Amino acid sequence: EDQVTQSPEALRLQEGESSSLNCSYTVSGLRGLFWYRQDPGKGPEFLFTLYSAGEEKEKERLKATLTKKESFLHITAPKPEDSATYLCAVQAPQGAQKLVFGQGTRLTINP
Amino acid sequence: EPEVTQTPSHQVTQMGQEVILRCVPISNHLYFYWYRQILGQKVEFLVSFYNNEISEKSEIFDDQFSVERPDGSNFTLKIRSTKLEDSAMYFCASRKQGAGVFSYEQYFGPGTRLTVT
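S.K.: I would appreciate a short explanation of the state of the cysteines in the present structure.
M.R.: Covalently bonding the sulfur atom of one cysteine to the sulfur atom of another cysteine gives a disulfide. Residues and elements named next belong to chain A. Evaluated as defined, the whole model comprises two disulfides over all chains. Through a disulfide, Cys23 is tied to Cys88; the S-S separation comes to 2.0 Å. Because the torsion about its S-S bond is -60°, the bridge between Cys23 and Cys88 counts as left-handed. With Cys23 in strand S3 (residues 19-26) and Cys88 in strand S9 (residues 84-91), the pair connects residues that are 65 residues apart, well separated along the chain. Residue Cys23 shares its accessibility class with Cys88, and that shared class is buried.

Structure follows, in structure tokens:
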């Protein structure tokens with residue numbers, strides 16, 4: 001069964017303090033790994049798609065990387081507005097439609 | 001920028017009542033989805049819809065649930081007889097056609113908070 005595990009569950013940082021969030025996955029035939037941001041009471045907001053091991057994507061203070069077993073979301077010099085829950089999801093073999101989500105990492109950036 | 005919209009934002013209903021949650025996917029997208037998120041839990045897949053039929057559904061999506069695309073723009077989720085445990089945020093999502101073996105990202109709406117009393 002496809003599984004996604006994110007760590008840590010919660011992370012509190014000072015503004016400007018860089019860190020990384022982890023997403024470990026087991027899936028047979030990855031078709032895509034997706035990072036989303038979710039603010040309280042809102043829908044997931046798409047951030048990145050990664051398809052192959054070694055791939056990297058960047059957007060402002062965020063950088064996502066992918067290996068064969070895990071993905072990292074690196075946050076460089078975060079600001080309070082980066083506070084949110086970050087979700088990782090995988091899409092499994094061809095023909096399957098669903099995204100399988102991890103439980104998320106709740107990130108708090110203190111000013 | 002195109003976005004997925006959902007109505008209502010909050011629905012309160014009594015146990016046993018029928019509810020219909022509505023979604024307008026992004027206009028050039030071909031795949032449509034419903035997910036739900038019980039408070040404090042993971043986002044869970046319910047159903048996917050393509051070419052006017054269900055393409056995949058989860059164990060949660062039993063006979064009490066149905067989906068419909070009644071016209072060219074709307075996509076609905078109906079729960080026939082709501083239970084207390086149906087209380088959750090329900091998210092609609094849509095995506096473009098995939099490119100070969102790869103799949104494009106799904107874009108989510110803001111959600112409908114369903115409260116069953």
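Read on, since the account is not over.
S.K.: Got a minute to help me understand the sheet that holds S3 of chain A in this structure?
M.R.: Residues and elements named next belong to chain A. Pairing is antiparallel across the open sheet formed by five strands, whose spatial order is S1-S3-S8-S7-S6. What marks the edges here is a single partner per strand, and that holds for strand S1 (3-7) and strand S6 (56-59). Taken over all neighbouring pairs, the strand axes of this sheet differ in orientation by 15° on average, direction set aside. Relative to strand S8 (residues 70-75), S3 runs antiparallel, the two being bridged by six bridges. The residue of S8 that forms the bridge with Asn22 is Phe72.

Scoring rules and cut-offs
- Residues numbered from 1 in each chain as written.
- Chains lettered and ligands numbered in written order.
- Predicted model: local features only at pLDDT ≥ 70, side-chain atom pairs only at ≥ 80, totals over all residues.
- Heavy atoms only, no water.
- Disulfide = S-S within 2.5 Å.
- Helix = DSSP H or I, 4+ residues; strand = E, 2+ residues; numbered from the N terminus.
- Buried < 20%, exposed > 50% of the residue type's maximum accessible area, 1.4 Å probe, protein only.
- Pairing = 2+ DSSP bridges.
- Axes fitted to C-alpha atoms, helices over the stretch in contact; angles between N-to-C directions.

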